[in-house]
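# A structural walkthrough
What follows is the residue order along each chain.
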Amino acid sequence: MKREDALAELNATWKYRYDSEQFNRPEYWTIMKEAPYEGDCEDYALTLLWLMCDRSMFKFWIALITNEAQIRRVITKNGGGHAILKIGDDYCDNWTKEFVSWKTMSELGHKKYLWLYSPIGVALKMWMGSGREWVDNFLEREK
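Here the structure is a predicted model, which means the values were calculated and not measured. (Residues numbered from 1 in each chain as written. Predicted model: local features only at pLDDT ≥ 70, side-chain atom pairs only at ≥ 80, totals over all residues. Heavy atoms only, no water.)

### With respect to the packing of helix H3 (residues 41-52) against helix H4 (residues 57-65)
Where H3 meets H4, the axes come as close as 8 Å, and the angle between the chain directions of the two elements is 115 degrees. Between H3 and H4, the interaxial angle falls into the category roughly perpendicular. With respect to the hand of their crossing, H3 and H4 are arranged in right-handed fashion. Where H3 abuts H4, its residues Leu-46, Leu-49 and Trp-50 lie against Met-57, Phe-60, Ala-63 and Leu-64. A breakdown of the residues in the contact of H3 with H4 according to their chemical character gives seven nonpolar, no polar and no charged. (Axes fitted to C-alpha atoms, helices over the stretch in contact; angles between N-to-C directions. Helix = DSSP H or I, 4+ residues; strand = E, 2+ residues; numbered from the N terminus. Parallel < 35°, antiparallel > 145°, perpendicular 65-115°, else oblique. Left-handed = near helix turned anticlockwise from the far one by under 90°. Contact = heavy atoms within 4.5 Å. Nonpolar A, V, L, I, M, F, W, Y, C, P; charged D, E, K, R; others polar.)

Following this line, the structure appears as structure tokens:
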């Protein structure tokens with residue numbers, strides 16, 4: 001899917017929701033697979049990439065493994081950590097809701113942070129969410 005189409009689909013129903021209120025967890029990385037799309041910054045970045053990859057997990061992981069796409073961590077003007085999607089020289093997050101230059105991101109107060117989420121780091125963060133859910137469900141059945 002062209003990135004403009006992916007952005008239009010995601011932004012049409014996007015609503016920011018903290019992981020703590022949505023999943024009762026401080027951190028939960030997920031791809032939102034159905035509208036309405038509700039999540040936080042990393043969910044936005046992951047979902048946008050997944051939509052751009054024609055909803056294919058295979059293409060999603062290839063894009064990350066080959067560094068065609070990167071999930072990057074920045075520090076916001078408020079000092080908090082924030083996940084953004086980088087493709088080529090363009091960046092997108094749930095603040096801009098469009099692909100922009102780093103100059104535009106920095107004008108928003110974002111500061112580059114040395115940590116790039118590696119593909120394995122992304123996989124682990126996503127697994128921790130779904131894996132923990134599986135464990136919780138298993139433990140609930142055992143009561």
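### Thoughts on the pairing of strand S4 (residues 81-87)
Among the seven residues that make up S4, six are buried, leaving the element largely enclosed by the rest of the structure. Relative to S4, strand S3 (residues 69-75) runs antiparallel, the two being bridged by seven bridges. The partner of Gln-70 across the bridge, within S4, is Lys-86. Here S3 hands over to S4 after five residues, with Gly-79 in that stretch at a positive phi of 90 degrees. In this sheet, strand S5 (residues 90-92) lies alongside S4 in antiparallel orientation, the contact comprising three bridges. Each residue of the ladder has a partner; that of Ile-87, found in S5, is Asp-90. (Buried < 20%, exposed > 50% of the residue type's maximum accessible area, 1.4 Å probe, protein only. Pairing = 2+ DSSP bridges.)

These results come straight from atomic positions and should not be treated as a statement about function.
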